[in-house]
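# Report on the structure
Listed here are the chains, written in short residue letters.
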Amino acid sequence: ASLRGLLGNVDRARRRPDGRDRAPSFRDRMAEGLRRLRGEALLILSGQDYTAREFIDYSGAHAAWAELLKAGNVSRVDVPGADHTFSTAAWRVEVENETLRWLARVGKAGASERART
């Protein structure tokens, strides 16, 4: 009876007062956006950032997110010592250089794809 009560409370907590399901979480909306993306994505994570760590932990624990991040259209770059805002000039230069490398690679791949069609 206690377990049924708990499950009932969880179900009620997931619903809005009008009885409909609550809106998807921001994580679910982010995953859906990435799933629907037909282009390339660059994910840059800072190593000394609790938000980045939470994202890494969450995506590693949820199969759907793990699959999205393994997709061929997602590139990931880690900046190990950086904080959330990449607050030093060196970290910002690293982000800039990684972004430029990614753009060059994506541009080259796009040009090759256009040449084939």
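This text follows the structure it describes.
Note that the coordinates shown come from a computational prediction; the quantities given were computed from them, not determined experimentally.

This part covers the side chain of N73. Checked against the element boundaries, N73 lands in the loop between α4 (63-70) and β2 (74-79). Only 2.9 Å separates the side chain of N73 from the backbone oxygen of G39, close enough to count as a polar contact. Look past the residues within four positions of N73 in its chain and what remains in contact with it is L37, G39, E40 and A41.

Quick look at the packing of helix α2 (residues 26-36) against α4 now. As a packed pair, α2 and α4 sit with axes 10 Å apart at the nearest point and diverge in direction by 35°. You can see that α2 and α4 cross each other, and the crossing is left-handed. On α4, the residues touching R27, M30, A31, L34 and R35 of α2 are A64, W65, L68 and L69. Partitioned by chemical class, the residues of the contact of α2 with α4 number seven nonpolar, no polar and two charged.

Considering all chains together, one arrives at five salt bridges under this definition. With a shortest N-O distance of 2.4 Å, R27 and E54 are connected by a salt bridge. One end of the pair, R27, is in helix α2; the other, E54, is in helix α3 (residues 50-61), with 27 residues separating them in the sequence. The class of R27 is partly exposed, set by a relative accessible area of 23%. Residue E54 is classed as partly exposed on the basis of its relative accessible area, which comes to 43%. A salt bridge links R76 to D78; the shortest N-O distance between them is 3.1 Å. Judged by relative accessible area, D78 falls into the partly exposed class, the value being 40%.

Calculation criteria
- Residues numbered from 1 in each chain as written.
- Predicted model: local features only at pLDDT ≥ 70, side-chain atom pairs only at ≥ 80, totals over all residues.
- Heavy atoms only, no water.
- Helix = DSSP H or I, 4+ residues; strand = E, 2+ residues; numbered from the N terminus.
- Polar contact = N/O pair within 3.5 Å; in protein donor to acceptor, adjacent residues only side chain to side chain.
- Contact = heavy atoms within 4.5 Å.
- Axes fitted to C-alpha atoms, helices over the stretch in contact; angles between N-to-C directions.
- Left-handed = near helix turned anticlockwise from the far one by under 90°.
- Nonpolar A, V, L, I, M, F, W, Y, C, P; charged D, E, K, R; others polar.
- Salt bridge = Lys/Arg side-chain N within 4 Å of Asp/Glu carboxyl O.
- Buried < 20%, exposed > 50% of the residue type's maximum accessible area, 1.4 Å probe, protein only.

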